[in-house]
Amino acid sequence: MEIRELAVEGAVEFTPRVFPDERGLFVSPFQEAAFEKAVGHRLFRAAQTNHSRSRRGVVRGVHFTVTPPGTAKYVYCAQGAALDIVIDIRVGSPTYGQWDAVLLDPVDFRAMYFPVGVGHAFVALADDTVMSYMLTSGYVAENELALSALDPALGLPIPADIDPVMSERDMAAPTLAEARAAGLLPDYATCQELTR
């Protein structure tokens, strides 16, 4: 398992070995020993798994959870291809306002770990893109917030040949600056405490 720290403090990319043969292939997108080595603790207790299917051009996010309770995620792409994006929205973080993006697909089977308090978005690059995630907490509607993926101050890497298809909620989401002014963003120190 290859491990790469991302530009957002605490976020990590994992690339497992893929074992192809005449039957197909075998891969382990999550491996506890590699996760613990990279992150410094065991995988969180998974409270929920999510599965989404999107057509090419769909942009989901930027989504985040009110902190506390906060949510950490482990994400990979089981079908299609997606540009998965982590955005540091934790006020006080050394990488606040920065983002990183990873191509997730069922060729390399890269996976991403999103620590508590960061924002998550992805762009579906192919029809029938299937994303699968493990989360530390279950869905509670009032705790789930969004930021604009089209915020020019963020400058997220949405490919020029993509005409974004977004939900009404994501289209109406505030910019990072608006969310910060409204006191909606997670506090870095609180996120660190929740991770321990």
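The text that follows walks through the structure, step by step, so that each part is easy to find. Along each chain, the written sequence defines residue order, and numbers are assigned to residues from 1. For this predicted model, a pLDDT threshold of at least 70 governs which residues receive local features, and a threshold of 80 or more governs which side-chain atom pairs are given and counted, while totals over whole chains, interfaces and linings are taken from all residues. To get the side-chain values, take all heavy atoms of the structure and skip hydrogens and water.

## Quick notes on the side chain of threonine 129
Alright, step 1. Counting from the N terminus, the helices are the DSSP runs of H or I reaching at least four residues and the strands are the DSSP runs of E reaching at least two. Note that threonine 129 resides in strand S12 (residues 129-135).
Alright, step 2. Exposure is judged per residue with a 1.4 Å probe applied to protein chains only, and the accessible area is read against the type maximum: over 50% gives exposed, under 20% gives buried, and values in between give partly exposed. By relative accessible area, threonine 129 is classed as buried at 0%.
Alright, step 3. Contact partners of threonine 129, with chain neighbours within four places excluded, come to Ser52, Arg53, Ser54, Cys77, Gln79, Gly80, Ala81, Ala82 and Ala124. Contact between two residues is taken to exist if any of their heavy atoms lie within 4.5 Å; hydrogens are not considered.

## A word on the sheet that holds strand S9 (residues 99-104)
Alright, step 1. DSSP-based pairing: two strands are paired if at least 2 bridges between them are found. With antiparallel pairing, five strands are arranged side by side in an open sheet as S9-S8-S11-S6-S13. The open sheet terminates on both sides in strands that have one partner only, identified here as S9 and strand S13 (144-146). Geometrically, the sheet is characterised by an average inter-axis angle of 25° between neighbouring strands, direction not taken into account.
Alright, step 2. Summarising the sheet, strand S8 (residues 82-87) and S9 pair through six bridges and their orientation is antiparallel. Bridge pairing in S9 places aspartate 84 opposite valine 102. Only the stretch in contact is used when a helix axis is fitted, and all axes are lines through C-alpha atoms; the angle between N-to-C directions ranges over 0 to 180 degrees.

## A few points about the sheet that holds S12
Alright, step 1. Strand order in the open sheet formed by six strands is S1-S2-S10-S7-S12-S5, with antiparallel pairing between adjacent strands. Whereas interior strands pair on both sides, the edge strands pair on one side only; in this sheet they are strand S1 (2-5) and strand S5 (48-54). With strand direction ignored, the average angle separating the axes of adjacent strands in the sheet is 20°.
Alright, step 2. Pairing analysis gives four bridges linking strand S7 (residues 73-79) to strand S10 (residues 111-114), with the strands arranged antiparallel. Considered in S10, the bridge of tyrosine 76 is made with alanine 111.
Alright, step 3. This element, helix H1 (residues 32-39), spans S1, strand S2 (12-15), S7 and S10 of the sheet and lies at about 150° to S2.

## Structural notes on the environment of alanine 149
Alright, step 1. Summarising the element assignment, alanine 149 is placed in the loop between S13 and helix H2 (168-171).
Alright, step 2. Taking the C-alpha atoms as reference points, alanine 149 and isoleucine 85, separated by 64 residues in sequence, lie 9.9 Å from one another.

## Description of the pairing of S10
Alright, step 1. A two-sided burial pattern is seen for S10, the buried positions comprising Ala111 and Tyr113 on one face and Met112 and Phe114 on the other.
Alright, step 2. Bridge count between S2 and S10: three bridges; the pairing is antiparallel. Across the sheet, phenylalanine 14 pairs through a bridge with alanine 111, a residue of S10.

## A look at the environment of tyrosine 74
Alright, step 1. Along the chain, the position of tyrosine 74 falls in strand S7.
Alright, step 2. For the pair tyrosine 74 and glycine 57, spaced 17 residues apart in the sequence, the C-alpha separation amounts to 22 Å.
Alright, step 3. The contact partners of tyrosine 74, leaving out residues within four places of it in the chain, are Phe14, Pro29, Phe30, Phe35, Phe44, Ala111, Met112, Tyr113, Ser132, Tyr133 and Met134.
Alright, step 4. One polar contact links the side chain of tyrosine 74 to the main-chain carbonyl oxygen of proline 29, over a distance of 2.7 Å. Polar contact criterion, stated in full: a pair of N or O atoms within 3.5 Å, where within protein one must be able to donate a hydrogen and the other to accept it, and residues adjacent in sequence count only if both atoms are side-chain atoms.

## Some thoughts on the nonpolar core
Alright, step 1. Among buried residues, the Ala, Val, Leu, Ile, Met, Phe, Trp, Tyr and Cys ones that are joined through side-chain atoms within 4.5 Å form a nonpolar core. By size, the foremost hydrophobic cluster in this structure holds 18 residues, and its most contacted members are Val62, Ile85, Ile87, Ile89, Leu147, Leu156 and Leu185.
Alright, step 2. Taken together, the elements giving at least two residues each to this core come down to strand S6 (59-65), S8, strand S11 (119-124) and helix H3 (176-181).
Alright, step 3. Counting residues in each nonpolar core, the second largest holds 16 residues, with Ala82, Met112, Phe114 and Tyr133 among its members.

## Brief notes about the packing of aromatic side chains
Aromatic ring pairs are defined here through the distance separating the ring centres and the angle between the ring planes.
Alright, step 1. Within 6.5 Å between ring centres, the rings of Phe, Tyr and Trp (the latter by its six-membered ring) count as paired, and their orientation is classed by plane angle as stacked under 30 degrees, edge-to-face over 60, tilted in between. In total, this model carries six aromatic pairs according to the counting rule given.
Alright, step 2. Arranged with centres 5.6 Å apart and planes meeting at 45°, the rings of phenylalanine 14 and tyrosine 74 form a pair that is tilted. Of the two residues, phenylalanine 14 sits in strand S2 while tyrosine 74 sits in strand S7, which places them 60 residues apart along the sequence. A single burial state applies to phenylalanine 14 and to tyrosine 74, both of which are buried.
Alright, step 3. Members of the aromatic cluster, each reached through a chain of ring pairs, are Phe14, Phe30, Phe35, Tyr74 and Tyr113.
Alright, step 4. Sitting over a ring, as applied to charges here, requires NZ of Lys or CZ of Arg to be within 6 Å of the ring centre and within 35 degrees of the ring normal. Between the NZ or CZ atom of arginine 180 and the centre of the ring of tyrosine 96, over which it lies, the distance is 4.9 Å.

## Remarks on the environment of leucine 125
Alright, step 1. Tracing the backbone shows leucine 125 in the loop between S11 and S12.
Alright, step 2. Under the relative-accessibility criterion, leucine 125 is labelled partly exposed at 25%.
Alright, step 3. In the structure, leucine 125 is positioned 20 residues away from aspartate 105 in sequence and 9.6 Å away in space, judged by C-alpha atoms.
Alright, step 4. Filtering out sequence-adjacent residues up to four positions away, leucine 125 remains in contact with Arg56, Ala81, Ala82, Leu83, Leu103 and Pro159.

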